[in-house]
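Examining the three-dimensional arrangement
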Amino acid sequence: MHIARAVATAAATLSSGILIPLYIYPSGGPDCANWAPLFQSIAAHPAVPVWVIINPNTGPGNNGGQAPIEFQQCIPLLRAPNVVVLGYVHTSEGSTQRQPGVTQDVNTYAGWNASYKPDGIFFDEVSGESKDLATYEDFVSHARPLFNNGNGFITLNPGAAPSDTDYYGITDLLLSAEDIYKDFSPSQLSLGSSTPPSKQAIVLTDGPSSPPTSLISQIVTEDGVKAFYITTDTQANGGNPYDDLPTDLEAFIAAVEAAQE
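Keep in mind the model is a prediction, meaning the values are calculated, not measured.

1. Quick word on the overall build of the protein
- Counting its secondary structure elements, the protein contains six helices and eight strands.
- In sequence order, the secondary structure elements of the protein are arranged as β-α-β-α-β-α-β-α-β-β-β-α-β-α.
- Here the C-alpha radius of gyration of the protein, 17 Å, is about what a compact globule of 261 residues would show, namely 18 Å.
- Looking at the protein residue by residue over its 261 residues, the buried ones come to 52%.
- When contacts within the protein are restricted to residue pairs at least 6 apart in sequence, those whose partners lie at least 24 apart make up 75%.
- A total accessible area of about 10400 Å² is found for the protein, and carbon and sulfur atoms account for 48% of it.

As structure tokens, then:
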């Protein structure tokens, strides 16, 4: 069965949306079946902003070359007015040894054909410390002009609130909580003028089988956090919590939308 691409009639109109680490290798061909539930959910909720992180091989793979053929086939099916596609780049806490590799990965994504080129970059393993801020300023200033007609979307992931709040000033979105569901509490968030919720994202793993509507309401409606995602995929026994889509993906996105109505 052919899965139609995610088509939306207008750009996202809601303030808060979903940040999805799509670390799932797509099946090739016209269906891209491994990603099909996401296509369908995007099409069903065109008002919800969706940021999708693609990660072919802990980065773009094939340095200097084009995307793997499956990604060439499947990324275009993600395109919709409410979707921003981000290319994954790990930064190893800003280490000197990793810096040339960060630049190479960004340049590789930037060199992809326009039909599957990302709209920006998701920088992972961000230190969040003052001593590394200049390094990340350089990463961002290099990457942003290379995507989305010179205005690439940048996300930083320190996994928790950065010790230096100036990181919020250099990015569009910052993953301020990446945690196991049962270990997370909204009270751990820092929300204020220097740590704006409109720039924060939360990603939780090992989640429940149905959307926790009270928590969604707290995060999205009361706190105004920009992006929220809970997956039923698990980190247990060293598992990769992002190698499968949540079993309740459609219901979760619907709940995020309902919390803003």
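We are not done yet, so read on.
2. Considering the sheet that holds strand E8 (residues 227-230)
- Ordered by their spatial adjacency, eight strands build an open sheet running E1-E2-E3-E4-E5-E6-E7-E8, and the pairing between neighbours is parallel. Of all strands in the sheet, those bounded by a partner on one side alone are strand E1 (18-22) and E8. Shown here is a sheet whose adjacent strand axes are inclined to one another by a mean of 25°, direction ignored.
- By the bridge criterion, two bridges tie strand E5 (residues 153-156) to strand E6 (residues 173-180) in an arrangement that is parallel. The residue of E6 that forms the bridge with Leu156 is Leu174.
- Seen against the sheet, helix H3 (residues 99-110) touches strand E2 (50-54), strand E3 (83-90) and strand E4 (120-124) and runs at an angle of roughly 150° to E3.
- The strands touched by helix H5 (residues 213-222) are strand E7 (200-205) and E8; relative to E8, the strand with the most contacts, the crossing angle is about 160°.

3. Structural notes on the packing of helix H1 (residues 36-44) against helix H6 (residues 249-258)
- In the contact formed by H1 and H6, the axes pass within 9 Å of each other and the chain directions differ by 25°. As judged from the angle between their axes, H1 and H6 are roughly parallel. The element H1 and its partner H6 pack so that their crossing is right-handed. Together, Pro37, Leu38, Ser41 and Ala44 of H1 and Leu249, Glu250 and Ile253 of H6 make up the contact between the two elements.
- In terms of residue class, the contact of H1 with H6 is made up of five nonpolar, one polar and one charged.

Basis of the calculations
Sequence order sets the numbering: in each chain, residues are counted from 1 along the sequence as written. The predicted nature of this model means local features are confined to residues of pLDDT at least 70 and side-chain atom pairs, given and counted, to a pLDDT of 80 or more, with totals for whole chains, interfaces and linings taken over all residues. Only hydrogens and water are removed before side-chain values are computed, so all heavy atoms of the structure are retained for them. A run of H or I in DSSP counts as a helix once it spans at least four residues, and a run of E counts as a strand once it spans at least two, with each numbered from the N terminus. The size measure is the radius of gyration over C-alpha atoms, and the globule rule it meets is 2.2 Å times the number of residues to the 0.38 power. Note on exposure labels: buried denotes an accessible area under 20% of the residue type's maximum, exposed denotes more than 50%, and partly exposed covers the range between, all computed with a 1.4 Å probe on protein chains only. The contact definition used throughout considers only heavy atoms, calling two residues in contact when any of these lie within 4.5 Å. Working definition of accessibility: Shrake-Rupley area with a 1.4 Å probe, residue cover restricted to the visible protein chains. A pair of strands counts as paired when DSSP detects no fewer than two bridges linking them. To obtain each axis, a line is fitted to C-alpha atoms, and for helices this fit is confined to the stretch in contact; angles are then taken between N-to-C directions over 0 to 180 degrees. In what follows, roughly perpendicular refers to angles from 65 to 115 degrees, roughly parallel to angles under 35, roughly antiparallel to angles over 145, and oblique to any angle outside these ranges. Handedness of a helix crossing follows the sense of rotation of the near helix relative to the far helix, less than a right angle counterclockwise being left-handed and clockwise being right-handed. Only Asp, Glu, Lys and Arg are considered charged in this grouping, and only Ala, Val, Leu, Ile, Met, Phe, Trp, Tyr, Cys and Pro are considered nonpolar; every other residue, Gly among them, is considered polar.

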